[in-house]
Amino acid sequence: MDASQLRTIEQQVGEGLDEKKLAGAVTMVIRNGGVVHLEAHGWQDVENRVPMRTDTIFRIYSMTKPIVSTAVMMLAESGEIDLDAPVAKYLPSLKGLKVYHKEGNRSPKRPPTVRDLLRHTAGLTYGFFGNTPVDQQYRKADVLDRNQSSETFLKKVAQLPLVDDPGEDWIYSIAVDVQGMLIEQVSGQSLDTFLKQRIFDPLAMKDTGFHVPKAKAHRLASYYGSSLKLEESGNQSRYLEPPKFFSGGGGLVSTAMDYAHFVQMLLNGGSLFGQRLLKPETVAAMTRNQLPADRFPAGIGGSREGVGFGLGVSVQMFATPKQPGAKEGEFGWDGIASTHFWASPSDDLAVITMEQTQPFNKRLIHRLKGPIYDALRP
């Protein structure tokens, strides 16, 4: 890659720091399996003037999802999960889910399947992206309470109505948290143990987990809201203690390097460091659009033009001005604290950007994609 072109990354991140749009960031670019750019920018902790480090630990929130969906696909490969089986085959408490109707909830046209969970077409929702009667019920139930048990989570889900019939729409949801419960039920292990043994250890993701051990607490980034208002200090974070509920949809912390190992495994067709997690054909299915034409494009609070969804990751179906710099064939996903990754298989390219700011924004993606693609050389 063109090193001079890659230097524009520092400029673009610097502008965000100057404009107080972000406190700090870690940016990483991988080409042909090698790191061509890794840089820390700004502050890990503004108040205490702790500089950002390349090994700073971030709350990756929904970037947890592709990892957990990978675990489901591993169990599918081994024949322990049938993607087209009803979810209730593995989680019997979810048998009999109803679809919301103001005149009385009704039975769905068909039950949600594991494939529906993977592509967010199960009829579930989140509760905080809208204000429908179902969203209100999700909020009242505090469905993702960090201090609840897995059993309590499933009991809540069983009692809440679906937004729509399974397969009818792409609705961003707690589907991956349900996937986490599926993994626990099928494997007989807690989600944190399964992920550590089957994904994190083989991929040398030594700083990834559901909490930050005390020995690494000094590396956890502080968390900021609008105008860089401190929302949670790194040294007083809830992530310094293990949760009771392991959220498959958003509970992990990680570093740019750790996450790069995971993405490179996908780019390699399922293997890294001599460890094969998935078959190439499984990765191909995960990173190929799985949404029917009438359910495309995917979107949260509005359409993401040109964006479809595979089995755990988004897929760029075609280039569009509304997705600046995006290229056909990309796959990736984001976290609500403005962490991002995308990969271009045709270029053997992966990019990870980590920051800790809300409201969620795609500023770095929009500003960096063009320059990074321009830096590509044969």
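Residues numbered from 1 in each chain as written. Predicted model: local features only at pLDDT ≥ 70, side-chain atom pairs only at ≥ 80, totals over all residues. Heavy atoms only, no water.

*Asks:* Can you lay out unusual backbone geometry for me, pointing to particular residues and giving the numbers?
*Replies:* Of note, the amide linkage connecting Phe296 to Pro297 takes the cis form, showing an omega dihedral of 0 degrees. Following the sequence through the fold, Pro297 ends up in the loop between α10 (280-286) and β10 (307-309). Cis rather than trans, the peptide bond between Gln358 and Pro359 has omega equal to 0 degrees. Tracing the backbone shows Pro359 in the loop between β14 (349-354) and α11 (363-374). Phi is positive for Ala204, close to 55 degrees, though the residue is something other than glycine. Note on placement: Ala204 falls in the loop between α8 (191-200) and β5 (223-224). Residue Ala204 is classed as partly exposed on the basis of its relative accessible area of 37%. A positive phi is found at Leu228, a non-glycine position, where the angle reads about 55 degrees. On the basis of relative accessible area, Leu228 is assigned to the buried category, the value being 18%. (Helix = DSSP H or I, 4+ residues; strand = E, 2+ residues; numbered from the N terminus. Buried < 20%, exposed > 50% of the residue type's maximum accessible area, 1.4 Å probe, protein only.)

*Asks:* Tell me about the pattern of salt bridges, and name the residues and values.
*Replies:* One pass over the full model with this rule turns up 21 salt bridges. Asp55 serves as the salt-bridge partner of Arg219, at 3.5 Å between the closest nitrogen and oxygen. Placement of the pair is Arg219 in the loop between α8 and β5 and Asp55 in the loop between β3 (50-51) and β4 (58-59), with a sequence separation of 164 residues. Its relative accessible area of 7% is what places Arg219 among the buried residues. Glu305 is the partner of Lys322 in a salt bridge, and the nearest nitrogen-oxygen pair spans 3.7 Å. Pair noted here: Lys322 is in the loop between β11 (314-316) and β12 (331-335) and Glu305 is in the loop between α10 and β10, with a separation of 17 residues, a long-range link. Accessibility expressed as a relative area gives 30% for Glu305, which makes it partly exposed. (Salt bridge = Lys/Arg side-chain N within 4 Å of Asp/Glu carboxyl O.)

*Asks:* Explain the layout of surface pockets to me, using residue names and the numbers behind them.
*Replies:* In this structure, the largest pocket encloses a volume near 710 Å³. In terms of residue count, β12 provides more of the lining of the largest pocket than any other element does, 3 residues in total. Here the residues of the lining of the largest pocket sort into 16 nonpolar, 9 polar and 5 charged. Of the pockets and cavities examined, the second largest pocket occupies roughly 320 Å³. Along the wall of the second largest pocket there are 19 residues; nearest its centre are Lys196, Thr208, Gly209, Phe210 and His211. The biggest single contributor to the lining of the second largest pocket is α8, with 3 residues. Of the residues in the lining of the second largest pocket, the class split is 10 nonpolar, 3 polar and 6 charged. (1 Å grid on protein atoms, 1.4 Å probe; cavity = no way out; pocket = protein on both sides within 12 Å on 5 of 7 lines; lining within 4 Å. Points joined across faces, edges and corners; volume = space filled by probe spheres on them. Nonpolar A, V, L, I, M, F, W, Y, C, P; charged D, E, K, R; others polar.)

*Asks:* I'd love a proper account of the packing of aromatic side chains, names of residues and values included.
*Replies:* Think of a pair of aromatic rings as described by two things: how far the centres are apart, and how the planes are tilted against each other in angle. Applying the stated criterion to the full structure yields 18 aromatic pairs. With 5.5 Å between their ring centres and 55 degrees between their planes, Trp170 and Phe309 make a pair best called tilted. Remark: Phe309 occurs in strand β10 and Trp170 occurs in the loop between α6 (150-159) and α7 (175-187); sequence separation between them is 139 residues. For the pair formed by Trp170 and Phe309, the shared burial category is buried. The cationic tip of Arg146 hangs over the ring face of Tyr239; the distance from NZ or CZ to the ring centre is 4.6 Å. (Phe/Tyr/Trp six-rings, centres within 6.5 Å; stacked < 30°, edge-to-face > 60°. Lys NZ or Arg CZ within 6 Å of the ring centre and 35° of its normal.)

*Asks:* Outline the sheet that holds β12, listing residues and values.
*Replies:* Whenever strands of a sheet pair, they do so through backbone hydrogen bonds, lying parallel or antiparallel. Read across the sheet, 8 strands follow the order β3-β2-β1-β14-β13-β12-β11-β10 without closing on themselves; strand pairing throughout is antiparallel. Taken across any chain shown, the strands that pair with only one partner, and hence form the sheet edges, are β3 and β10. As defined by bridge partners, strand β1 (residues 24-31) adjoins strand β2 (residues 34-45) across 8 bridges and the pair is classed as antiparallel. What sits directly across from Thr27, in β2, is Glu39. Its contacts with the sheet place α11 against β1, β12, β13 (339-344) and β14, and it is angled at close to 30 degrees to β13. (Pairing = 2+ DSSP bridges. Contact = heavy atoms within 4.5 Å. Axes fitted to C-alpha atoms, helices over the stretch in contact; angles between N-to-C directions.)

*Asks:* Explain empty space enclosed by the protein to me, and be specific about the residues and the numbers.
*Replies:* Counted by the stated rule, this structure contains 3 cavities of 30 Å³ or more. Of the voids in this model, the largest cavity is the one considered here, and its volume is about 170 Å³. Elements represented by at least two residues in the lining of the largest cavity include exactly β11, β12, β13 and α11. When residues of the lining of the largest cavity are assigned to their parent elements, the largest contribution, 4 residues, is made by β12. Tallied by class, the residues present in the lining of the largest cavity amount to 9 nonpolar, 5 polar and 5 charged. What lines the second largest cavity is Val87, Leu94, Leu97, Pro112, Leu117, Ala122, Leu124, Val157, Leu162 and Val178. When grouped by side-chain class, the residues that make up the lining of the second largest cavity number 10 nonpolar, no polar and no charged.

*Asks:* For the nonpolar core, give the residues involved together with the corresponding values.
*Replies:* One finds Leu124, Leu195, Ile199 and Tyr259 to be the most contacted residues of the largest nonpolar core, which totals 85 residues. Counting 16 residues, the second largest nonpolar core, distinct from the first, contains Ile9, Val29, Val351 and Leu368. (Core = buried A, V, L, I, M, F, W, Y, C linked by side-chain atoms within 4.5 Å.)

*Asks:* Help me get a handle on the environment of Val50, residues and values and all.
*Replies:* Along the chain, Val50 falls in strand β3. Remark: the alpha-carbon pair of Val50 and Ala221, spanning 171 residues in sequence, is separated by 9.2 Å. Aside from chain neighbours lying at most four places away, what touches Val50 is Trp43, Gln44 and Asp45.

*Asks:* Account for the side chain of Ser247, with residues named and values stated.
*Replies:* You can see Ser247 is positioned in the loop between β6 (230-232) and β7 (253-254). Reaching out from Ser247, the side chain makes a polar contact with the backbone nitrogen of Gly250 at a distance of 3.1 Å. (Polar contact = N/O pair within 3.5 Å; in protein donor to acceptor, adjacent residues only side chain to side chain.)

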